[in-house]
Amino acid sequence: MITDYGDITDQSFNQTTYEACKEFCEANGLQFNYFKPAGDSDAERVAMIESAIDEGYNVVVMPGYAFANAIKQTVNTYTDVKFVALDVGAGDLNTFNDDGSIKEEFKVPSNLYCAVYQEELCGYMAGYAAVKLGYTKLGFLGGMAVPAVVRYGFGYVQGVDAAAKELGITVDLKYAYGNQFVGDADITAAMDTWYQGGTEIVFACGGGIYTSAAEAAAKVGGKIIGVDVDQAGIIDGDYGEGMTVTSAMKGLGATVKATLKDVIENGNWANYGGKIATLGLVSGDDPELNYVQIPMESTQWTDNFTKDDYKALVKSMFDGTVKVSDDTSAMPAHSIIVNEYDNIM
């Protein structure tokens, strides 16, 4: 496994992927190691991929869109190596013109498998849950407006809107991007303005940008929605018990284990190589089997929105009764009040 630009203790993509790879390899008697780039650059990521291959590793797992260029620089050279890329899609691999049209389409070779996620679905779940749990003044703080973050945000808007309609209430939502994946003083100041102005809960979506939202929330007893993994442990531990109401999660660990099991134990690489798979709901009955979900244990359920209510929502989404758009070209239609802001940075 290669880390992107974080470490295996980041409580996010790297840690989840590392733990899943390690657990699978230990259970199956396979050699495993992880490699951490010296810096946040394509060259450093390529160097670590090559180091792993030089040491004899023939399955390389990479989490995050930041690997796109490193993948393009290595997969066609090391054709005997199987590459598994999590959260890397066509939007990351293709080259685009200024008008958004495709300039050069990347052909996924047979030794590469990419898994992307329907973030709009778990974004919807989180927004729907927040309103059902009683929050009426909400915020969305995205990192950079890359496709995955936009899908999270637009799904969130749709979920908030649906719950507000069901309850017949007015909901206000502030919506902004930080234009980076880390928190800083300027973003914290913007979040201070939001929370002190009445915002109750913010979906902080994008790497370490949650730190700015959490710092601001801690000053006024505000709440946070985590992203990618169940962030209750790290956010509540660092900023205050009970701060994290829920998290919109991707099943990176489940993806790693299921893919490696099928590829290594069953020899089914042909089902994966050369493909970009979009992962979402696979069960209408057990939400925890799905590749997108909110956490069953740490979500702050109430009588107004219970685990059973969540299961019913997932079932409706799975069978198509509830439809969530994945269109990222424009803000979804809505009846709630959405205040859109320019990039904070």
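Right above here is the structure, for reference.
First, a word on what this report is: a plain description of the structure on this page. Remember, predicted model here, so these are calculated numbers, not experimental data.

### Quick notes on the overall build of the chain
Thinking step 1. Within the chain, the secondary structure is distributed over 11 helices and 13 strands.
Thinking step 2. Taking 345 residues into account, the globule formula puts the C-alpha radius of gyration at 20 Å, and the chain, at 20 Å, falls close to it.
Thinking step 3. Over its C-alpha atoms, taken along the principal directions, the chain stretches across nearly 55 × 45 × 40 Å.
Thinking step 4. Relative to its 345 residues, the chain shows a buried fraction of 53%.
Thinking step 5. Considering only contacts in the chain between residues 6 or more positions apart, those separated by 24 or more positions represent 70%.
Thinking step 6. Accessible surface, the chain as shown: approximately 14,500 Å² in total, 45% of it carbon and sulfur.
Thinking step 7. Between the averaged position of the 22 positive side-chain charges in the chain and that of its 48 negative side-chain charges there is a distance of 4 Å.

### Things to note about helix α2 (residues 42-54)
Thinking step 1. The end-to-end C-alpha distance of α2, which contains 13 residues, comes to 18 Å, matching closely the 18 Å that a straight helix rising 1.5 Å per residue would cover.
Thinking step 2. Along α2, the positions that sit buried rather than exposed are Arg45, Val46, Met48, Ile49, Ala52 and Ile53. The buried residues of α2 occupy one face: seen down the axis, they fall within an arc of 160°. The exposed residues of α2 that point more than 90 degrees off its buried face are Ala43 and Asp54.
Thinking step 3. The inward-facing, buried residues of α2 contact β1 (59-63), α3 (68-74) and β2 (82-86).
Thinking step 4. Of the residues one or two after α2, glycine 56 is the one with positive phi, at around 100°.

### A closer look at helix α9 (residues 232-239)
Thinking step 1. All of the buried residues along α9 are Ala232, Ile234, Ile235 and Asp236.
Thinking step 2. At its buried positions, α9 is contacted by α8 (210-220), β9 (223-228) and β10 (244-250).
Thinking step 3. Following α9 by one or two positions, glycine 240 adopts a phi angle in the positive range, close to 145°.

### Let's talk about unusual backbone geometry
Thinking step 1. Unlike most non-glycine residues, aspartate 87 shows phi in positive territory, near 65°.
Thinking step 2. Along the chain, aspartate 87 falls in the loop between β2 and α4 (90-93).
Thinking step 3. Positive phi outside glycine occurs at asparagine 179, with the angle close to 65°.
Thinking step 4. Here asparagine 179 lies in the loop between β7 (172-177) and α7 (185-196).
Thinking step 5. Note on asparagine 179: relative accessible area 35%, which makes it partly exposed.

### A short note on the environment of serine 283
Thinking step 1. Residue placement: serine 283 occurs in the loop between β11 (275-279) and β12 (292-293).
Thinking step 2. For the pair serine 283 and aspartate 319, spaced 36 residues apart in the sequence, the C-alpha separation amounts to 9.4 Å.
Thinking step 3. Residues in contact with serine 283, not counting those within four places in the same chain, are Leu289, Asn290, Val314 and Phe318.
Thinking step 4. Here the side chain of serine 283 touches aspartate 285 through a polar contact of 3.2 Å, landing on its backbone nitrogen.

### Remarks on the packing of aromatic side chains
Thinking step 1. Inspection of the entire model under this criterion finds 18 aromatic pairs.
Thinking step 2. A ring pair is formed by tyrosine 18 and tyrosine 34, whose centres lie 5.2 Å apart and whose planes are at 75°; its orientation type is edge-to-face. Highlighted residues: tyrosine 18 in helix α1 (residues 13-28) and tyrosine 34 in the loop between α1 and α2, separated in sequence by 16 residues.
Thinking step 3. Relative accessible area serves as the criterion here: at 15%, tyrosine 18 is assigned to the buried category.
Thinking step 4. Tyrosine 34 gets classed as partly exposed once you look at its relative accessible area, which sits at 27%.
Thinking step 5. Ring centres of phenylalanine 35 and tyrosine 57 lie 5.8 Å apart, and the angle between their planes is 75°; on these two criteria the pair is classed as edge-to-face. Here phenylalanine 35, found in the loop between α1 and α2, pairs with tyrosine 57, found in the loop between α2 and β1; they are 22 residues apart in sequence, far enough to count as distant.
Thinking step 6. When its relative accessible area of 13% is taken as the criterion, tyrosine 57 is described as buried.
Thinking step 7. Through successive ring pairs, a cluster of aromatic residues spans Phe140, Tyr152, Phe154, Tyr156, Tyr175, Tyr177 and Phe203.

### Re the sheet that holds β1
Thinking step 1. Spatially, the four strands line up as an open sheet ordered β1-β2-β5-β11, and their pairing is parallel. Here the strands that pair on one side only, and so sit at the sheet edges, are β1 and β11. Averaged over all adjacent pairs, the angle separating strand axes in this sheet is 15°, with direction ignored.
Thinking step 2. With five bridges connecting them, β1 and β2 associate as parallel partners.

What counts and what doesn't
Residues numbered from 1 in each chain as written. Predicted model: local features only at pLDDT ≥ 70, side-chain atom pairs only at ≥ 80, totals over all residues. Heavy atoms only, no water. Helix = DSSP H or I, 4+ residues; strand = E, 2+ residues; numbered from the N terminus. Rg over C-alpha atoms; globule rule 2.2 N^0.38 Å. Buried < 20%, exposed > 50% of the residue type's maximum accessible area, 1.4 Å probe, protein only. Contact = heavy atoms within 4.5 Å. Areas by Shrake-Rupley, 256 points an atom, 1.4 Å probe, with all protein chains shown as cover. Lys, Arg positive; Asp, Glu negative; His and termini not counted. Charge placed at Lys NZ, Arg CZ, Asp CG, Glu CD. Expected span 1.5 Å × (residues − 1). Arc of directions from axis to C-beta. Polar contact = N/O pair within 3.5 Å; in protein donor to acceptor, adjacent residues only side chain to side chain. Phe/Tyr/Trp six-rings, centres within 6.5 Å; stacked < 30°, edge-to-face > 60°. Pairing = 2+ DSSP bridges. Axes fitted to C-alpha atoms, helices over the stretch in contact; angles between N-to-C directions.

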